[in-house]
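# Observations on the model geometry
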Amino acid sequence: MAARGHTLAILTAIFTISFMDRQILAILFEPLKREFELTDTQLGLLSGPAFVLFYTALGIPVALWADRGNRSRIIGLALVVFSTMTVLCGLAASFWQLLLARIGVAVGEAGTNPPSQSIIAELYGPEERTAAMGWFSLGPHLGLLLGLLLGGWLGQWYGWRAALWTAGAIGIACAVMVRVSLHEPPRDLSGGPPAKSPATLREGCGFILSHHALRHLYVGGSLLSFVAYGLVTWLPSFLMRTHGLTTGQAGTAVAVMMGILGAVGTLAGSRLTNRLARAGIHWKARAPALGAMAMLLFVVGGILADNLAAALICLGIASIGIVWFLPPTFALVQDLTDPRMRALAAALLLFVGNLVGLGLGSQLIGLLSDALAPRLGPDALRHALLLVVPIGLWGAYHYLRAARAVTAATGAEINAHPPPAHAGLRNA
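Numbers given to residues run from 1 along each chain, matching the order in which its sequence is written. The model is predicted, so local features are restricted to residues of pLDDT at least 70 and side-chain atom pairs to those at 80 or more, both for listing and for counting; the totals for chains, interfaces and linings are taken over all residues. To get the side-chain values, all heavy atoms of the structure are used, and hydrogens and water are removed first.

## What to know about the overall build of the protein chain
Our working definition: Runs of H or I in DSSP of at least four residues are treated as helices and runs of E of at least two as strands, each being numbered from the N terminus. Each residue is assigned to one of three classes by its accessible area relative to the maximum for its type, calculated with a 1.4 Å probe on protein chains only: buried under 20%, partly exposed between the two thresholds, exposed over 50%. Throughout, a residue-residue contact means that at least one pair of heavy atoms, one from each residue, lies within 4.5 Å. For the area figures, the Shrake-Rupley method with a 1.4 Å probe applies, and any residue is considered shielded solely by the protein chains shown. Here Asp and Glu are counted as negative and Lys and Arg as positive; His is not counted, and neither are the chain ends. Where a charge lies is defined by one atom per residue type: Lys uses NZ, Arg uses CZ, Asp uses CG and Glu uses CD.
Helices and strands together make up the secondary structure of the protein chain, namely 19 helices and zero strands. Per-residue burial for the protein chain yields a buried fraction of 61% across its 428 residues. A sequence separation of at least 24 residues applies to 84% of the contacts in the protein chain between residues at least 6 apart. Here the protein chain has roughly 15500 Å² of accessible surface; of this, 70% comes from carbon and sulfur atoms. For the protein chain, the separation between the mean place of its 28 positive charges and that of its 19 negative charges on side chains is 6 Å.

In structure tokens:
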């Protein structure tokens, strides 16, 4: 028990650092915009397609490697690569150098998440997996907290370069701890059927495409990620442009919302989902759908509010549940997937979710903001953010369809724990 808790803590720390390096650029958009004379479209490119195309594409071969090789060593190597490239981001002398360094960050980060999810699935069985993924999913919140606070205040006091150097140095220091402390667990400790040879990419894709519940989970997760990543990327700039906050103030505000409140919501949501799932595993899809629909109302209120306090209150409430969908999604995908393709299934989920969410979300908001700027001026970003909110409702619909598919696959409201039900889900 202690050993697997230690492993989970290390993997969560790595997820935290990767998200810090990924999202720190969001709080540095305004100084970057001034120094390199960038448009919002170019800023969206740095945080979206330039990162996500390499992150998602390389995630699949890394996952295939992880299903066959030593996952802990893959994770450690990836940590060194993306941390070093974050330092190089701070050395960029032009937009194109920064773009290439960001691609390097993406290359490194592609090697952390799929093997991490695979290890967690080995250590925690179906009845514990949502809670374990809930702790693991604290990584994005803690990463945002660190990235926005470090980026905001160091960027304001010492410049954006110092902020990036500090973030990269933290990751390199952590890599030493990972090399010593993270060990490869034996495979299939979670009580699944004996492992066969690892699945091929074709087998993994075929399995997911033929599985009704998984298809809806992948689509719904990507659409909710679209909204979540768009908000995380552009909220600091929105608060600076619309409400006049400084870089440090905006970073602190979004860090509290997405970091602290988001972490509380993720833990509470994963615990609630775990309890609901005792009545039926379909709640791992239904609960995130209901939570997303409720939170999107507060997103709209926060964006429309002219008063800063009202905007922060609404956006803070929204932050509690805006990424609630992640732990149940991670867990349910692992529940429904053959153990020999666990890392691959996680990588494909990240491929779809990040390609649509991180790749298109932040980029589309930047494009919309530039397109609306001649007519709306400083309010262009506000309207661009509002235009993407309905996409979240579309994502919630797919989660409800996934819940219905899981129930239909077993013929009734099933319990997540008995082995016969769990085995039946894999063949749904």
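## A closer look at the side chain of Thr16
Within the secondary structure, Thr16 is located in helix H1 (residues 2-27). Since its relative accessible area comes to 7%, Thr16 is described here as buried. Ignoring sequence-local partners within four residues, the contact set of Thr16 consists of Gly139, Leu142, Gly143 and Leu146.

## Looking at the nonpolar core
The line we're drawing: Joining through side-chain atoms within 4.5 Å is the link that ties buried Ala, Val, Leu, Ile, Met, Phe, Trp, Tyr and Cys residues into a set, and such a set is a nonpolar core.
The biggest cluster of nonpolar side chains holds 120 residues, and the ones touching the most others in it are Leu217, Tyr218 and Leu231. With six residues, the next largest nonpolar core counts Ala63, Ala66, Ile74 and Ala347 among its residues.

## Brief notes about the packing of aromatic side chains
For any pair of aromatic rings, the description rests on two quantities: the centre-to-centre distance and the angle between the ring planes. Convention followed: Working definition: rings of Phe, Tyr and Trp (its six-membered ring) pair if their centres are within 6.5 Å, and the pair is stacked with planes under 30 degrees apart, edge-to-face with planes over 60 apart, and tilted otherwise.
This model, assessed by the stated rule, comprises nine aromatic pairs. Ring geometry for Phe15 versus Phe19: centroids 6.3 Å apart, planes at 80 degrees, classification edge-to-face. You can see Phe15 and its partner Phe19 sitting in helix H1, four residues apart, about one turn around the helix. Phe15 sits in the buried class, given a relative accessible area of 7%.

## Some thoughts on the packing of helix H8 (residues 126-136) against helix H9 (residues 138-158)
Going by this rule: Lines fitted to C-alpha atoms define the axes, with helix axes restricted to the stretch in contact, and inter-axis angles between N-to-C directions lie between 0 and 180 degrees. In these notes the angle categories are as follows: under 35 degrees is roughly parallel, over 145 is roughly antiparallel, 65 to 115 is roughly perpendicular, and the rest is oblique. Throughout this entry, Asp, Glu, Lys and Arg are counted as charged residues, while Ala, Val, Leu, Ile, Met, Phe, Trp, Tyr, Cys and Pro are counted as nonpolar. The remaining residues, Gly among them, count as polar.
In contact at an axis separation of 5 Å, H8 and H9 are set at 15 degrees when each is read in the N-to-C sense. Put simply, H8 runs roughly parallel to H9. Contacts between H8 and H9 pair Gly134, Trp135 and Phe136 from the former with Leu138, Gly139 and Pro140 from the latter. Here the contact of H8 with H9 is built from residues that sort into four nonpolar, two polar and no charged.

## Description of helix H7 (residues 113-123)
Judged by how many residues are buried, H7 sits mostly within the fold: 11 of 11 residues are covered. Listed in full, the buried residues belonging to H7 are Asn113, Pro114, Pro115, Ser116, Gln117, Ser118, Ile119, Ile120, Ala121, Glu122 and Leu123.

## Comments concerning unusual backbone geometry
Despite not being glycine, Glu37 has its phi angle at roughly 55 degrees, a positive value. By the element assignment, Glu37 lies in the loop between helix H2 (29-36) and helix H3 (40-47). Exposure remark for Glu37: the relative accessible area of 70% places this residue in the exposed category.

## Focus: the side chain of Ser369
Residue position: Ser369 is located in helix H17 (residues 342-376). With sequence-adjacent residues up to four places away left out, Ser369 is seen in contact with Asp40, Arg241, Ala380, Leu381 and Ala384.

## Here we look at the environment of Arg278
In this fold, Arg278 is placed in the loop between helix H13 (247-276) and helix H14 (283-304). For Arg278, a relative accessible area of 53% corresponds to the exposed category. Residues Arg278 and Glu37, 241 residues apart in the sequence, show an inter-C-alpha distance of 54 Å.

## Topic: the pattern of salt bridges
Just so we agree on the cut-off: Take a side-chain nitrogen of Lys or Arg and a carboxyl oxygen of Asp or Glu: if they are within 4 Å of each other, that pair is a salt bridge.
Summed over all chains, the structure comprises eight salt bridges. Of the charged contacts, one joins Lys284 and Asp335 as a salt bridge, the two residues approaching to 2.5 Å between their closest N and O atoms. One end of the pair, Lys284, is in helix H14; the other, Asp335, is in helix H16 (residues 326-336), and 51 residues separate them in sequence. Residue Arg382 is joined to Asp379 by a salt bridge in which the shortest nitrogen-to-oxygen separation is 3.7 Å.

## Some points on empty space enclosed by the protein
Our working definition: Both site types are read off a 1 Å grid over the protein atoms alone. A 1.4 Å probe that fits but cannot get out defines a cavity, while an open set with protein on both sides within 12 Å along at least five of seven lines defines a pocket; lining residues have an atom within 4 Å of a point. Grid points are joined across faces, edges and corners, and a volume is the space filled by probe spheres set on the points.
Going through the model one piece at a time under the given rule, you end up with five cavities of 30 Å³ or more. A volume near 310 Å³ is recorded for the largest cavity. Every residue lining the largest cavity is counted, 25 residues in all, and those nearest its centre are Ser225, Tyr229, Phe325, Leu326 and Phe330. Secondary structure elements with two or more residues in the lining of the largest cavity: H1, H9, helix H12 (212-243), H16 and H17.

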